[in-house]
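Chain residues, written in single-letter form:
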Amino acid sequence: MVILAVGGYDPTGGAGISADIKTSHTLGVYCLSIITSIIPQTNKEVYEKYDLSKENIENQFKSVFEEFEIEYVKTGVLTSQSIDILLKYIDKYDLKVICDPVLASTTKYNFVDEKLMDKYIELFNKSYLITPNREEYNKIMEFVKNKNYHLKKDLYILITGIDDILKRNSTTINIFKGFKINKEVHGTGCVYSTAITAFLSKGYKLEDAIKEAKNFILSSIIYAKKTKYGYNSNPTYINKETVIKNLSYAIYLLKKINFTLIPEVGSNIAESLPLPKDFNDIASLTGRIIKNKLGGFYVVGDIEFGASEHIAKIILSASKFNPKIRSCMNIKYDEDLIKTLKEKFKDKFIISSFDRSEEPPNVSTMEWGTTIACKKIGKVPDIIYDKGGLGKEPMIRVLGKDSIDVIKKVEFIQKIYNSIKEK
Ligand SMILES: Cc1ncc(COP(=O)(O)OP(=O)(O)O)c(N)n1
Ligand SMILES: Cc1nc(C(=O)O)sc1CCOP(=O)(O)O
């Protein structure tokens, strides 16, 4: 699959063509790119907008259309020259254009004046989809009304926000529910519209492309790159395939460890999709990891979504405190081990706990215990333990950003345990 991104260049990589290429590459789609303007900026301000010449933009178009077959084009920051050229190519190659109408930067630098708005309306009427945020949508509709322009009836309009509204011919077709994540990430709009374009190029129907891109953008916000003045988009795609591959490799690694910290109830390891809603967003073994009679262990079952209850509840609770924590594994409790980890490895492991004797009635122990352990220290720890209760085995739970991270922590903990027991 190939798509073409036409937009401005942001040297910090947060928005514009850089964000488009990162997004497309992350989704396995080859991204051609045409630069309209060079826009040095930070997350505090835009320094300038240097528009490339009509001749240079024409040669950029000529090169990519000479070298590739192109069906989908995503646009970011445009200029009059680039719109004029694009309009000719739309007709010549019957292009499907997804136009992200970037009227201004989040840092309030205007990219568009009235003359350019006229051009944008012409482009919208040759586009397949436009993806304005609510503010951009209102400005566009006010401009259209004031100038007595019209938008073609078959133009899809996705008004983006926490929830996104898909409209066509003034009719709402679908609403795509989202989450409010308190993090302003530079380039979010670029990444989202490019992700939609990439999924369309893979053959997804529009509404499925939007749904998939919405999940993708939430991951990209969670894993955004912290900068001095804010956050930059960091396109990250974690889907069911990613989770299953991680768990498979984690279990492969476990089998290379002399793993003996197996509780009587057995162990399980689980990993979730980003922002899991319920058990079905979390994969684990359908069985358990159980001791065998030779001092080793068996891995029982397959890896499936919806297979875990206890570990899944731990992940569901922990991810509310830190959405980057997507995996957990329970291992055997040992008092000397916890003591040693607390005293000698406090720089490596953050440890918290809960006390079953303090558990209120009618709660899920795993949800209540995980929440208590996280609230106690104001974050999600690497290890949550409890000393058990009536008929309840004491337990250590190891948490991490994914199941491979968890297994590496378990391997380290096992080595500490072995060193203690050898003494
Ligand atoms: C070169 C360039 N392209 C696009 C933008 C817009 O990015 P941002 O201001 O972060 O807005 P959203 O992408 O989040 O809508 C830019 N600043 N520079
Ligand atoms: C039985 C049990 N209790 C645990 C605890 O952390 O207290 S972990 C565990 C085993 C894993 O269970 P599942 O496969 O339902 O996730």
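Residue positions are counted from 1 within each chain, in the order its sequence is given. Whichever chain is written first is A, and whichever ligand is written first is 1; the rest continue in order. Reporting in this predicted model follows two pLDDT cut-offs: at least 70 for local features of residues, and 80 or more for side-chain atom pairs to be given and counted; totals over whole chains, interfaces and linings ignore these cut-offs and use all residues. With hydrogens and water excluded, all non-hydrogen atoms of the structure serve as input to the side-chain values.

Within an unreviewed UniProt entry, the label attached to the protein chain reads Bifunctional thiamine biosynthesis protein ThiDN, and the organism entered is Methanocaldococcus lauensis.

**Student:** I'd like a rundown of the overall build of the protein chain, residues and numbers included.
**Tutor:** For the protein chain, the helix and strand inventory stands at 12 helices and 21 strands. Overall, the C-alpha framework of the protein chain stretches about 80 × 45 × 40 Å when taken along its three principal axes. Relative accessible area decides the class of each residue, using a 1.4 Å probe on protein chains only: under 20% of the type maximum gives buried, over 50% gives exposed, and in between gives partly exposed. Considering the protein chain as a whole, with its 423 residues, one finds that 53% of them fall into the buried category. Between two residues, a contact is recorded if the distance between any of their heavy atoms is within 4.5 Å. The contacts of the protein chain with a sequence gap of at least 6 include a subset with a gap of at least 24, amounting to 68%. Accessible surface, the protein chain: about 20,100 Å² in total, of which carbon and sulfur atoms supply 50%. Only DSSP runs of H or I with at least four residues qualify as helices, and only runs of E with at least two residues qualify as strands; both kinds are numbered from the N terminus onward. The protein chains shown are the only cover counted for residues, whose accessible areas, like all others here, come from Shrake-Rupley with a 1.4 Å probe.

**Student:** Account for a nonpolar patch on the surface, naming residues and giving values.
**Tutor:** Any residue with relative accessible area above 30% and no salt bridge may belong to a patch, with like charges joined within 9 Å and the nonpolar Val, Leu, Ile, Met, Phe, Trp and Tyr side chains within 5 Å. Basic side-chain nitrogens of Lys or Arg form a salt bridge, by our definition, when they fall within 4 Å of a carboxyl oxygen of Asp or Glu. A contiguous nonpolar patch, built from Tyr-9, Ile-38 and Tyr-50 and spanning about 270 Å² of accessible area, is present on the exposed surface. Of note, Tyr-9 is situated in strand S1 (residues 2-9). Relative accessible area serves as the criterion here: at 32%, Tyr-9 is assigned to the partly exposed category.

**Student:** Help me get a handle on the site of ligand 2, residues and values and all.
**Tutor:** Here a residue is considered near a molecule or strand provided that any single heavy atom belonging to it is located within 4 Å of it. Neighbouring residues of ligand 2: 14 residues in total, closest Asn-268, Ser-308, His-310, Ile-311 and Arg-397. Between N or O atoms, a polar contact is any pair within 3.5 Å; within protein, one atom must be a potential hydrogen donor and the other a potential acceptor, and residues adjacent in sequence are included only when both atoms are from side chains. At 2.9 Å from an oxygen atom of ligand 2 is found a side-chain nitrogen or oxygen belonging to Asn-268. One of the side-chain nitrogen or oxygen atoms of Arg-288 is found 3.1 Å away from an oxygen atom of ligand 2. Contact with the protein chains covers 93% of the free accessible surface of ligand 2, which is 430 Å². By residue number, the principal contributor to the shell around ligand 2 is helix H9 (residues 310-321), which donates three residues. Residues are grouped as follows: nonpolar covers Ala, Val, Leu, Ile, Met, Phe, Trp, Tyr, Cys and Pro; charged covers Asp, Glu, Lys and Arg; every other residue, Gly included, is treated as polar. When grouped by side-chain class, the residues that make up the shell around ligand 2 number five nonpolar, five polar and four charged.

**Student:** Run through the pairing of strand S4 (residues 72-75), naming residues and quoting values.
**Tutor:** Going residue by residue along S4, you find Tyr-72 and Lys-74 tucked away on one face and Val-73 and Thr-75 tucked away on the opposite face as well. Strand pairing is assigned whenever DSSP detects at least two bridges linking the two strands. Note: S1 against S4, four bridges, orientation parallel. Within S4, the residue paired with Val-6 across the bridge is Thr-75. As judged from the four bridges shared by S4 and strand S5 (residues 96-99), these two strands associate in the parallel manner. Looking at the pairing, Val-73 lines up with Val-97 of S5. Handedness of a crossover: with both strands directed away from the viewer, a clockwise path from the first strand across the helix to the second marks it as right-handed. In this view, the connection linking S4 to its parallel neighbour S5 by way of helix H3 (residues 80-93) has right-handed handedness.

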